[in-house]
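Here are the chains, one letter per residue:
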Amino acid sequence: VEGKGTLFNAFANSFLESQYNLNYSEKMGDWSTILIGHTSQRGGDIDNNGDSFLDLPHTTRYMAYNKWTYTSDENQMKSYIAAKFVDEERIGGQKGFKAATDKGTMNSYGQVLDMSRLEAYGKLEKEVGDEQFIDILTSFSTHRLDGAYGTTRYSGNQVTFYGDVRFESSPFEENTLTIGAGFRYLDLDESIDLGINPQNKTYAGDYNSSETVPGAF
């Protein structure tokens, strides 16, 4: 169908890991969109060198992405907005390691990473005069990570935001003037639990930081 497109592909390797991808795009008047889906499924227990440790971690991943674009010569406007979500789990370590029962214990050595991330961003560009534009940009993300490395456990949550408004003008043929204001925000919470700690490590605890940065240019 004119203005539409769909693509699907699949992949598998000798480790029995498989990946699947689906892309869909469509144009509807001044609007267009693209939708992407991806998943990666864990492979087998591969230990080619015989050291009782997995050669590659077991990875399970799901990802979705969507973007909408608007372009109008009549309204002298361009804009887009997009969002992406990723959820991933990685399990590595000894072949006999079972995340459900051995995570954070000394039953057998293993590493577990459980991550999810959501991000969104957008831009609006409006022509307000001859070679004069107003731009608005914004982005947001939230990131969560829970991990276990042997008996050490880690958890972290991060939130970021950025936005700015700018005015652009080309008063001269080879020069562009840009003025604007922006704002950046970061919030990070981390926790480290050392569990069994025979080396008497001292960095366990909760760590929190927050930043707010306004600016002009």
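Everything discussed here concerns the structure shown above.
The sections below set out a description of the structure shown in this document. (Residues numbered from 1 in each chain as written. Predicted model: local features only at pLDDT ≥ 70, side-chain atom pairs only at ≥ 80, totals over all residues. Heavy atoms only, no water.)

Focus on the overall build of the protein
To keep things clear, this is the line we draw: We count a stretch as a helix when DSSP gives it H or I for four or more residues in a row; a strand needs E for two or more, and each element gets its number in order from the N terminus. Atoms counted for the radius of gyration: C-alpha only. Globule rule: 2.2 Å times the number of residues to the power 0.38. Relative accessible area decides the class of each residue, using a 1.4 Å probe on protein chains only: under 20% of the type maximum gives buried, over 50% gives exposed, and in between gives partly exposed. Should any heavy atoms of two residues lie within 4.5 Å, those residues are considered in contact. Here, Shrake-Rupley sampling with a 1.4 Å probe gives the accessible areas, and only protein chains in the shown set may cover a residue. Positive charge is attributed to Lys and Arg, negative charge to Asp and Glu, and no charge count is given to His or to the chain ends. Lys charges are placed at NZ, Arg charges at CZ, Asp charges at CG and Glu charges at CD.
For the protein, the count of helices and strands is one helix and 10 strands. Its helices and strands in sequence order give the protein the pattern β-β-β-β-β-α-β-β-β-β-β, from N to C terminus. For 217 residues, the compact-globule estimate of 2.2 N^0.38 gives 17 Å, and the C-alpha radius of gyration of the protein, at 24 Å, exceeds that figure by more than 25%. Projected onto its principal axes, the C-alpha coordinates of the protein cover approximately 70 × 50 × 30 Å. By the burial criterion, 23% of the 217 residues in the protein qualify as buried. Intrachain contacts of the protein at a sequence separation of at least 6 include 50% that bridge at least 24 residues. As displayed, the protein offers around 13,700 Å² of accessible surface, 55% of which is attributable to carbon and sulfur atoms. Side chains of the protein give 19 positive and 32 negative charges; the mean places of these two sets differ by 6 Å.

Regarding the packing of aromatic side chains
The relation between two aromatic rings is expressed through the spacing of the ring centres and the mutual angle of the planes. The test is simple: Here a pair means two rings of Phe, Tyr or Trp (six-membered ring of Trp) with centres within 6.5 Å. Their orientation is stacked below 30 degrees between planes, edge-to-face above 60, and tilted elsewhere. In this scheme, the term charge over a ring applies when either NZ of a lysine or CZ of an arginine sits within 6 Å of the ring centre and within 35 degrees of the ring normal.
Inspection of every chain in the model, using the stated rule, returns five aromatic pairs. On the basis of an interplanar angle of 50 degrees and a centroid distance of 5.0 Å, the ring pair of W31 and Y70 is categorised as tilted. Here W31 is found in strand β3 (residues 31-41), whereas its partner Y70 is found in strand β4 (residues 58-72), with 39 residues between them in sequence. An aromatic cluster of at least three residues, connected via ring pairs, comprises W31, W68 and Y70. The aromatic ring of Y80 is capped on one face by K67, whose charged end is 4.6 Å from the ring centroid.

Looking at the pattern of salt bridges
The cut-off we apply is this: We define a salt bridge as a side-chain nitrogen of Lys or Arg found within 4 Å of a carboxyl oxygen belonging to Asp or Glu.
Scanning all chains against the criterion turns up seven salt bridges. A salt bridge links E26 to K4, with the shortest nitrogen-to-oxygen separation between them at 3.9 Å. Of the two residues, E26 sits in strand β2 (residues 18-28) while K4 sits in strand β1 (residues 4-12), which places them 22 residues apart along the sequence. On the basis of relative accessibility, which here comes to 17%, the residue E26 falls in the buried class. R144 serves as the salt-bridge partner of D114, at 3.6 Å between the closest nitrogen and oxygen. Within this pair, whereas D114 is found in strand β6 (residues 110-129), its partner R144 is found in strand β7 (residues 132-149), the two being separated by 30 residues in sequence. Classification of D114 by relative accessible area gives partly exposed; the value is 25%. Each of R61, E88 and R90 takes part in one network of salt bridges that share partners.

Things to note about the nonpolar core
In plain terms, the rule: To qualify as a nonpolar core, a set must consist of buried Ala, Val, Leu, Ile, Met, Phe, Trp, Tyr and Cys residues joined through side-chain atoms within 4.5 Å.
Core analysis: the largest hydrophobic core is formed by five residues, namely M63, Y65, A82, V86 and M115. V86 has contacts with R61, Y62, M63, M115, S116 and R117, leaving out every residue within four places of it along the chain.

Description of unusual backbone geometry
Of note in this structure, S52 is not a glycine but carries a positive phi near 75 degrees. Judged by relative accessible area, S52 falls into the partly exposed class, the value being 33%. Residue N200 is not a glycine yet carries a positive backbone phi of 55 degrees. For N200, the location among the structural elements is in the loop between β9 (175-193) and β10 (205-216).

All we've got here are geometric facts, nothing functional implied.
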